[in-house]
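Structure assessment
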Amino acid sequence: MARDVQITFDCADPAALSAFWAEALGYQVQDPPKGFESWEQALEAWGVPPEKRNDASAAVDPDGSGPRLFFQRVPEGKQVKNRVHLDVRAAPGLEGEARMAALEAAAERLIPLGATRSHRVEPAPPLELGFIVMADPEGNEFCLD
């Protein structure tokens, strides 16, 4: 039986990072629970102190097909390269110059949101179609693929 998967990010600013990834993936920040107009209203009603209200956030696929992304505040900063990373499929089915142009356009859209560009790997058929290595606003590596 297949299992649902949630991808969890340790981070310093869950609200900001969930907003970045929601925009990057076409997701949305998870809605507050029923009966509340905002997360702030829910957290206030639950008695969560103000300094704890950005301890967690989540982004979800509006279609419900992609995994939930969960962001949790941790005290330590990022130390080393990710052992696991996301590949954002920004050019599925494209090859050559068309593929790389689509990847460049995706990179240019994400940079103003706080992403940084590391490097570009050129196509080398038949095994390498080309990709761009990026990092999110907290330095987590991902690839535009």
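This report concerns the structure included in the present document. Predicted model only: the values in this text are computed from it and were never measured. (Residues numbered from 1 in each chain as written. Predicted model: local features only at pLDDT ≥ 70, side-chain atom pairs only at ≥ 80, totals over all residues. Heavy atoms only, no water.)

**Some points on the pairing of strand β8 (residues 141-144)**
What counts, and what does not: Between any two strands, at least two bridges found by DSSP are needed for them to pair. Secondary structure is summarised from DSSP: a helix means a run of H or I of at least four residues, a strand means a run of E of at least two, and numbering begins at the N terminus for each.
Two strands pair when backbone bridges link them, and strand β5 (residues 86-88) and β8 are joined in this way by three bridges, in the parallel orientation. Opposite Leu86, over in β8, you have Phe142 as the bridge partner. For strand β7 (residues 131-135) and β8, the ladder comprises four bridges, and the chain directions are antiparallel. When the bridges of β8 are listed, Met134 appears paired with Phe142. In this structure, the hairpin formed by β7 and β8 is closed by a connection of five residues, where Gly139 is found at a positive phi of approximately 90°.

**Let's talk about the packing of aromatic side chains**
The criterion, for reference: Pairing of aromatic side chains here covers Phe, Tyr and the six-membered ring of Trp, requires ring centres within 6.5 Å, and sorts the geometry by plane angle: under 30 degrees stacked, over 60 edge-to-face, intermediate tilted. Buried, partly exposed and exposed residues are distinguished by accessible area as a fraction of the type maximum, computed with a 1.4 Å probe on protein chains only: under 20%, between the cut-offs, and over 50%, respectively.
Applying the stated criterion to the full structure yields seven aromatic pairs. With centroids separated by 4.8 Å and ring planes inclined at 25°, the aromatic side chains of Phe9 and Phe71 adopt a geometry described as stacked. Here Phe71 lies in strand β4 (residues 68-73) and Phe9 lies in strand β1 (residues 6-11), a separation of 62 residues in the sequence. One exposure class covers both Phe9 and Phe71, and it is buried. Grouped by ring-pair contacts, the aromatic residues Phe9, Phe20, Trp21, Phe71 and Phe142 constitute a single cluster.

**Here's the deal with the nonpolar core**
Taken as a class, soluble globular proteins show a tendency for nonpolar side chains to be buried jointly. Put simply, the rule is: For this analysis, a nonpolar core means a set of buried residues of the types Ala, Val, Leu, Ile, Met, Phe, Trp, Tyr and Cys, connected via side-chain atoms within 4.5 Å. Contacts are assigned to residue pairs that have any heavy atoms within 4.5 Å of one another.
By size, the foremost hydrophobic cluster in this structure holds 23 residues, and its most contacted members are Trp21, Leu69, Phe71, Met134, Phe142 and Leu144. For this core, the secondary structure elements donating two or more residues are β1, α1 (14-25), β4, α3 (96-110), β7 and β8. Excluding residues within four positions of it along the chain, Phe142 makes contact with Phe20, Trp21, His85, Leu86, Val88, Leu110, Ala115, Ile132, Val133, Met134, Ala135 and Asp136.

**With respect to α3**
Threshold: In a helix, the anticipated span is given by 1.5 Å times the number of residues less one. What the arc describes is the spread of directions from the helix axis to the C-beta atoms.
The end-to-end C-alpha distance of α3, which contains 15 residues, comes to 22 Å, matching closely the 21 Å that a straight helix rising 1.5 Å per residue would cover. Three or more residues of α3 are buried, namely Arg99, Met100, Leu103, Glu104, Ala106, Ala107 and Leu110. What you see down the axis of α3 is that its buried residues fit within an arc of 160°, all on one side.

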